[in-house]
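Spelled out, the chains give:
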Amino acid sequence: MSLPLIAILCTTMLATSFLSGIFGMAGGMILIGVLLAIMPLPEAMALHAVTQMASNGWRALLWLKYVMWRSVGAYLVGAAIAMTLWSLTKYVPSKALALLLLGVTPFMVRLMPAGLKPDPDSAPQGVIYGIICTTLLLLTGVAGPLLDTFFLGGGSDRREKIATKGICQLFGHGAKLVYFGGVIDAAASVDPIVAGIAITATVIGTTAASGVLNRMTDAQFRSWSNRIITAVSGYFVIYGGYVLAVSAVK
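Let us look at the structure shown here. Keep in mind the model is a prediction, meaning the values are calculated, not measured.

What counts and what doesn't
- Residues numbered from 1 in each chain as written.
- Predicted model: local features only at pLDDT ≥ 70, side-chain atom pairs only at ≥ 80, totals over all residues.
- Heavy atoms only, no water.
- Axes fitted to C-alpha atoms, helices over the stretch in contact; angles between N-to-C directions.
- Helix = DSSP H or I, 4+ residues; strand = E, 2+ residues; numbered from the N terminus.
- Parallel < 35°, antiparallel > 145°, perpendicular 65-115°, else oblique.
- Left-handed = near helix turned anticlockwise from the far one by under 90°.
- Contact = heavy atoms within 4.5 Å.
- Nonpolar A, V, L, I, M, F, W, Y, C, P; charged D, E, K, R; others polar.
- Core = buried A, V, L, I, M, F, W, Y, C linked by side-chain atoms within 4.5 Å.
- Buried < 20%, exposed > 50% of the residue type's maximum accessible area, 1.4 Å probe, protein only.
- Polar contact = N/O pair within 3.5 Å; in protein donor to acceptor, adjacent residues only side chain to side chain.
- Patch = residues over 30% accessible without salt bridge, like charges linked within 9 Å, V, L, I, M, F, W, Y side chains within 5 Å.
- Areas by Shrake-Rupley, 256 points an atom, 1.4 Å probe, with all protein chains shown as cover.
- Salt bridge = Lys/Arg side-chain N within 4 Å of Asp/Glu carboxyl O.

Looking now at the packing of helix H1 (residues 3–23) against helix H9 (residues 192–215). Between H1 and H9, whose axes approach to 7 Å, the crossing angle comes to 30°. Taken together, H1 and H9 sit at an angle that is classed as roughly parallel. Our pair here, H1 against H9, has a crossing hand that is right-handed. Mapping the contact onto sequence places Ile6, Cys10, Met13, Leu14, Ser17, Phe18, Gly21 and Ile22 in H1 and Ile197, Ala198, Ala201, Thr202, Ile204, Gly205, Thr206, Ala208, Ala209, Val212 and Leu213 in H9. Among the residues forming the contact of H1 with H9, the class breakdown is 14 nonpolar, 5 polar and no charged.

Okay, here's the thing in structure tokens:
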């Protein structure tokens, strides 16, 4: 990989990890878009998994005392179920379907009856969201705004949401690394030098963001998170619809 390309990746990873360090979202989706534009899919997915494991793992470590371990346990049960099932099928959806899935699911969650609203304190919901979000991770590379919508529910504060989601994403992207680096394409690999640079940039960006998160109120966190989810989900729906229309014309 050339030096200019490494510089672009490093800058992108710093910026996206800073964004994710504040809200726990959006950065990974932007990064996977950049990686897919410059690398083959299996390699892009593998490198994305490494950087996101570093980003989420470091973010969880920074806020470790706030992790809601019961929620993590339920989520990981669901993640294990999804990983097992999809490893057996090796299904890969079309790009249009993947985009539409990412975009529509958060809006569907918002339309649920009050009794079924997302609650990360609920073990059954944790298992269900673990299955769905890990499925999205394995099929599209990111869990999308759905996971963020889930963790915005309940009565936990912003640090508990960020820390717990970080642990869940650490294992989720680990599953993705195994899936794309072993189950789908055993030849997919990550350059150790590029991986080292990516991890360093990710840790720096995540650490810098912790100060901003500390100064933010729970109300501000929830408000801005909902706006970001709506914007990103809307983009996925529009883009997915466009890709579907283009493919139908062909």
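The biggest cluster of nonpolar side chains holds 34 residues, and the ones touching the most others in it are Phe23, Cys133, Leu147, Phe221 and Phe236. Counting only elements with at least two residues in this core, the list comes to H1, helix H4 (69–89), helix H5 (95–110), helix H6 (123–140), helix H7 (145–151), helix H8 (158–184), H9 and helix H10 (218–249). Among the elements that line this core, the one with the most residues is H10, at 6 residues. Listed in part, the 10 residues of the second largest apolar core include Leu35, Met39, Ala44 and Ala198.

The topology assignment puts Ser17 in helix H1. Judged by relative accessible area, Ser17 falls into the buried class, the value being 3%. Among residues more than four places away in sequence, those in contact with Ser17 are Ser55, Ala201, Thr202, Gly205 and Thr206.

A word on the side chain of Thr16. Locating Thr16 in the fold gives a position in helix H1. A polar atom in the side chain of Thr16 sits 2.8 Å from the backbone oxygen of Thr12. Within the structure, Thr16 has its side chain in polar contact with the backbone oxygen of Met13 (distance 3.4 Å). Here Thr16 is in contact with Gly27, Ile30 and Leu31, once residues within four sequence places are set aside.

On the surface, Trp58, Leu61, Leu62, Leu64 and Trp69 cluster together into a nonpolar patch covering about 480 Å² of accessible area. For the nonpolar patch, the element with the highest residue contribution is helix H3 (residues 41–62), accounting for 3 residues. Mapped onto the fold, Trp58 is located in helix H3.

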